[in-house]
Amino acid sequence: MTQTDRDRLVSLKKAKKRLITQRDAAAELGISIRQVKRLLNALKKHGDKAVVHGLRGKPSNRKIEVKVEREAVKILSAPVYEGFGPTLAAEYLAKKHKIEASKETVRKWMIGNKLWRAKKAEVKQVHVWRPRRSRFGELVQWDTSEHDWLEGRGEQLYLIAMIDDATSRLLARFVRHDSTEENMKLLWSYLEKFGRPLSFYTDKASLFQTAEKRNRDEPGVQKDAVEMPPTQIGRALRELEITWIAAHSPQAKAYASYCTSCEPRMTFSGKRRRLASLTPCALRGGLVPGSSYSQSSRSFTG
């Protein structure tokens, strides 16, 4: 008898002695009043073992017969089924041999008869996201989205976006080219609207850092880091005394790309743009190149 059974027995005996009502006993046990009455009657006939299920310790009534298990194991031991996994084996047993058994049952049969070796679950290294900054302006993520905003019905548009790490406040700009000039225009707009942030977080695009040139036939050995001249954006950030932080890992780069994942939250969502048949000549204030969009909740305002 388990501790749960003992607890149920205490409640039933209190109800039997009328120390509590059957309704109170039902509330304690989490069952119906009708079930309490049935258990009280069983308690009179069978004593304390009335709270123990009658099939406890016995094989299930739905258990597959031993001869069916032996037949299935014999079939799966054939060379033609060598290398079959439990799922595929269960499928073929049902389809070709009319033996209905779940894949978990077949798995137990195969493991018990050494036809299948259970594999240990691989422990995957989970990348833990860093906590967000605590104040507005401490860190701003900066990235460009190459999403097909017009769904093939017009020219290619890029969305350059800046999102504050602490508040998710977003400032974005649609442009025809992801160039230094367009990025500098958005930087100027951000400074005018929100002031100077402490740092920007970007990927290692050539807009933000100058790549060291190497010959193709140069051996791939580790070389001492060379101080490269800054790009125009890098020089501007230095003059403004804004720290530039580059993403050094795929996980970090994915975090930096979060600021360009705003496509589903745009006022002109994919379905609405498709229904409106938007073209570069009929954007109606939606995706206008050169216009800036700011977001503080879930929609953009032009």
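No experiment lies behind these values; they were computed from the predicted model shown.

**Some words on the overall build of the protein**
Helices and strands together make up the secondary structure of the protein, namely 10 helices and 6 strands. Relative to its 302 residues, the protein shows a buried fraction of 32%. Relative to all contacts within the protein whose residues are 6 or more apart in sequence, the contacts with residues 24 or more apart total 59%. For the protein, the exposed surface amounts to about 20,500 Å²; the carbon and sulfur share of it is 50%.

**Notes on the environment of Arg-135**
Mapped onto the elements, Arg-135 comes out in the loop between α6 (103–112) and β1 (140–145). Accessibility expressed as a relative area gives 60% for Arg-135, which makes it exposed. Sequence separation between Arg-135 and Ala-166 is 31 residues; the distance between their C-alpha atoms is 5.7 Å.

**Some points on the side chain of Asn-183**
Following the sequence through the fold, Asn-183 ends up in helix α7 (residues 180–194). The class for Asn-183 is buried, based on a relative accessible area of 0%. Here Ser-179 takes part through its backbone oxygen, which lies 2.7 Å from a polar atom of the side chain of Asn-183.

**So, the packing of helix α4 (residues 66–76) against α6**
α6 packs onto α4 with a crossing angle of 70° between their chain directions and a minimal axis gap of 10 Å. By the angle between their directions, the pair α4 and α6 is classed as roughly perpendicular. The crossing of α4 and α6 is right-handed. For the pair α4 and α6, the contacting residues are Glu-69, Ala-72, Val-73 and Leu-76 in the first and Val-106, Trp-109 and Met-110 in the second. Classifying every residue of the contact of α4 with α6 by side-chain character gives 6 nonpolar, no polar and 1 charged.

**What about the packing of helix α1 (residues 3–16) against helix α3 (residues 33–46)?**
The contact between α1 and α3 brings their axes to 10 Å, and the two run at 85°. Taken together, α1 and α3 sit at an angle that is classed as roughly perpendicular. For the pair α1 and α3, the contacting residues are Arg-8, Leu-9, Leu-12, Lys-13, Ala-15 and Lys-16 in the first and Val-36, Leu-39, Leu-40 and Leu-43 in the second. A class-by-class count of the residues in the contact of α1 with α3 yields 7 nonpolar, no polar and 3 charged.

**Observations regarding α7**
Spanning 15 residues, α7 covers 21 Å between terminal C-alpha atoms, matching the ideal 21 Å at 1.5 Å per step. Those residues of α7 that sit buried are Glu-182, Asn-183, Leu-186, Leu-187, Ser-189 and Tyr-190. When α7 is viewed along its axis, its buried side chains cluster within an angular range of 165° and face the same direction. Opposite the buried face of α7, at more than 90 degrees from it, the exposed residues are Glu-181, Trp-188 and Glu-192.

What counts, and at which threshold
- Residues numbered from 1 in each chain as written.
- Predicted model: local features only at pLDDT ≥ 70, side-chain atom pairs only at ≥ 80, totals over all residues.
- Heavy atoms only, no water.
- Helix = DSSP H or I, 4+ residues; strand = E, 2+ residues; numbered from the N terminus.
- Buried < 20%, exposed > 50% of the residue type's maximum accessible area, 1.4 Å probe, protein only.
- Contact = heavy atoms within 4.5 Å.
- Areas by Shrake-Rupley, 256 points an atom, 1.4 Å probe, with all protein chains shown as cover.
- Polar contact = N/O pair within 3.5 Å; in protein donor to acceptor, adjacent residues only side chain to side chain.
- Axes fitted to C-alpha atoms, helices over the stretch in contact; angles between N-to-C directions.
- Parallel < 35°, antiparallel > 145°, perpendicular 65-115°, else oblique.
- Left-handed = near helix turned anticlockwise from the far one by under 90°.
- Nonpolar A, V, L, I, M, F, W, Y, C, P; charged D, E, K, R; others polar.
- Expected span 1.5 Å × (residues − 1).
- Arc of directions from axis to C-beta.

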